Amino acid sequence: MAVYTEVADEDLGRFLARYDIGRVQSCKGIAEGVENTNYLLQTTGGRFILTLYEKRVDRADLPFFLGLMQHLAARGVNCPTPVLAKDGVALGELAGRPAVIVTFLEGMWPRRPAVSHCAELGAALAGLHLAGADFSIPRRNALGHAAWAPLFAQSRDRADTVQDGLAAEVDETLAVLDASWPGDLPAGVIHADLFPDNAFFLDDRLSGIIDFYFACNDLYAYDVSVCLNAWCFEQDGAFNVTKARALIGAYRRVRPLSAGELAALPVLARGSALRFLLTRLHDWLRVPPGALVVPKNPLEYLRKMRFHAGIADVRDYGVEP
Ligand SMILES: Nc1ncnc2c1ncn2[C@@H]1O[C@H](COP(=O)(O)OP(=O)(O)OP(=O)(O)O)[C@@H](O)[C@H]1O
Ligand SMILES: N[C@@H](CCO)C(=O)O
């Protein structure tokens, strides 16, 4: 994650006094990621992640996020779990931000995902969907289909400074998606941001999933489409049909996809590409001064969005209906 909020030693000391996790040996800012502030905390009790929630996280959602991690971990999903303070409460306040300590997961995220990573990921995503099915707290997708037009309205007047014609292309895509967005597909808890940097591997086996701060209730197949975008394109922008076949095939072996879900994949993938284009565009135009953060390129997702607009049939993803 990025480091948006610096923590003074005395504030950290007061915060950690609430916990029973040993003496602090080091607390280092993690530069990766773009959403929240994260520190790697080494204590005499082990390694932990200290997270301070930033702008996009609504405090009212924290019981959902923290409860979901506990729920999934209890059902065998290897994900971070919130560490309870001595008073039994996970959530605290540090440097004016809501803050938690979560368990540290071993592993590395794949810098260049291979076909085998995509297969592992597909199976893990389906497992996550099944494990979350009986989680009792609902959360609407704040970055779901209905949110895209208002989100774009915040950047529309400057969109063409990033790429000529971008505003018109997004407007047109929003209209197409409004007319074709599926409403009646299987839904439940989804991760909604399961990019390679949120999946850890040890010896080519998936060892953990992190970053549940976009998790919400939405279409399961939409989550598959997010992963299709994040895992199955090469760095030069080419779609890798072998990776898509591996990802979706492994998913279907754990949680079958209905004919309706498969048929909807191209429109869902076009939509999820737009979602990441829009959040990246928003951030690209508003990098906070002094933050240790590198904004992600919105145009990568413009190219993916265009690719899906040209997909007529799910077979083009290497998948048999
Ligand atoms: N529980 C954990 N165990 C081990 N490392 C972690 C854990 N949580 C976070 N990290 C480390 O912090 C980095 C950033 O975390 P995370 O992806 O949650 O940040 P983020 O700001 O939400 O990023 P983004 O939303 O851009 O993916 C990870 O790549 C990893 O190095
Ligand atoms: N995974 C997102 C960042 C967090 O939402 C992206 O790559 O744009």
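Before reading further, recall that the structure is shown in the block above.
Note that the structure is a prediction, hence the values are computed from the model and not measured.

We now examine the site of ligand 2. Near ligand 2 there are nine residues, and of these Asp193, Phe195, Phe214, Arg280 and Lys296 occur at the shortest range. In this structure, Asp193 approaches ligand 2 through a side-chain N or O atom, which is 2.7 Å from a nitrogen atom. A distance of 2.7 Å separates an oxygen atom of ligand 2 from a polar side-chain atom of Arg280. Here the residues of the shell around ligand 2 sort into four nonpolar, no polar and five charged.

This paragraph deals with the environment of Ala159. In this fold, Ala159 is placed in helix 5 (residues 156–162). Here Ala159 falls in the buried class, since its relative accessible area comes to 0%. When the C-alpha positions of Ala159 and Leu285 are compared, they lie 8.6 Å apart, and in sequence the two are 126 residues distant. Leaving out residues up to four positions away in the same chain, Ala159 has contacts with Phe152, Leu166, Ala167 and Leu281.

The next subject is the packing of helix 9 (residues 259–284) against helix 10 (residues 298–309). Here helix 9 crosses helix 10 at 165°, and the two axes come no closer than 8 Å. Classified by the angle between their axes, helix 9 and helix 10 sit roughly antiparallel to one another. The two elements helix 9 and helix 10 meet at a crossing, and its hand is left-handed. Here helix 9 contributes Pro266, Ala269, Arg270, Ala273, Leu274, Phe276, Leu277, Arg280, Leu281 and Trp284 to the contact with helix 10, which in turn contributes Pro298, Glu300, Tyr301, Leu302, Lys304, Met305, His308 and Ala309. Grouping the constituent residues of the contact of helix 9 with helix 10 by class yields 13 nonpolar, one polar and four charged.

Attention shifts here to the nonpolar core. Membership of the largest hydrophobic core comes to 88 residues, with the highest contact counts inside it found for Phe212, Trp231, Leu268, Leu274 and Tyr317. A per-element tally of this core places helix 9 first, with 12 residues. Looking at which domains feed residues into this core, each of domain 1 (9–103) and domain 2 (115–317) supplies at least three. Not counting residues up to four positions away in its chain, the partners in contact with Tyr317 are Leu228, Phe239, Val241, Ala244, Arg245, Leu265, Pro266, Ala269, Phe307, His308 and Ile311. If you look at the next biggest cluster of nonpolar residues, it comprises 17 residues, including Val3, Val83, Ala99 and Ile101.

Right, let's get into the sheet that holds strand 4 (residues 92–94). Spatially, the five strands line up as an open sheet ordered 1-2-3-5-4, and their pairing is antiparallel. Sheet topology places strand 1 (24–29) and strand 4 at the edges, where each strand pairs with a single neighbour. Each adjacent strand pair in this sheet contributes to an overall mean axis angle of 35°, direction not counted. Across three bridges, the pairing between strand 4 and strand 5 (residues 97–103) is antiparallel. When the bridges of strand 5 are listed, Gly92 appears paired with Ala99. Across the face of the sheet, helix 1 (residues 9–16) comes into contact with strand 1, strand 2 (37–43), strand 3 (46–52), strand 4 and strand 5 while running at roughly 170° to strand 4.

We now examine unusual backbone geometry. Although it is not a glycine, Ala192 sits at a positive phi angle of roughly 75°. Assignment of secondary structure puts Ala192 in the loop between strand 6 (187–190) and strand 7 (199–202). Here Asp211, not a glycine, exhibits a phi torsion of approximately 65°, which is positive. With respect to the helices and strands, Asp211 occurs in the loop between strand 8 (205–209) and strand 9 (216–219). Residue class for Asp211 comes out buried when judged on its relative accessible area of 13%.

With that settled, consider the pattern of salt bridges. Following the criterion strictly, the structure yields 16 salt bridges and no others. A salt bridge links Arg97 to Glu54; the shortest N-O distance between them is 2.7 Å. Taken together, the residues Arg97 in strand 5 and Glu54 in the loop between strand 3 and helix 2 (62–74) connect sequence positions 43 residues apart. Residue class for Arg97 comes out partly exposed when judged on its relative accessible area of 29%. For Glu54, a relative accessible area of 8% gives the class buried. Glu234 is paired through a salt bridge with Lys243; the nearest N and O atoms lie 2.8 Å apart. Through salt bridges with shared partners, one network takes in Arg280, Glu300 and Lys304.

What counts, and at which threshold
Residues numbered from 1 in each chain as written. Chains lettered and ligands numbered in written order. Predicted model: local features only at pLDDT ≥ 70, side-chain atom pairs only at ≥ 80, totals over all residues. Heavy atoms only, no water. Near = heavy atom within 4 Å. Polar contact = N/O pair within 3.5 Å; in protein donor to acceptor, adjacent residues only side chain to side chain. Nonpolar A, V, L, I, M, F, W, Y, C, P; charged D, E, K, R; others polar. Helix = DSSP H or I, 4+ residues; strand = E, 2+ residues; numbered from the N terminus. Buried < 20%, exposed > 50% of the residue type's maximum accessible area, 1.4 Å probe, protein only. Contact = heavy atoms within 4.5 Å. Axes fitted to C-alpha atoms, helices over the stretch in contact; angles between N-to-C directions. Parallel < 35°, antiparallel > 145°, perpendicular 65-115°, else oblique. Left-handed = near helix turned anticlockwise from the far one by under 90°. Core = buried A, V, L, I, M, F, W, Y, C linked by side-chain atoms within 4.5 Å. Domains from an automatic or database assignment. Pairing = 2+ DSSP bridges. Salt bridge = Lys/Arg side-chain N within 4 Å of Asp/Glu carboxyl O.

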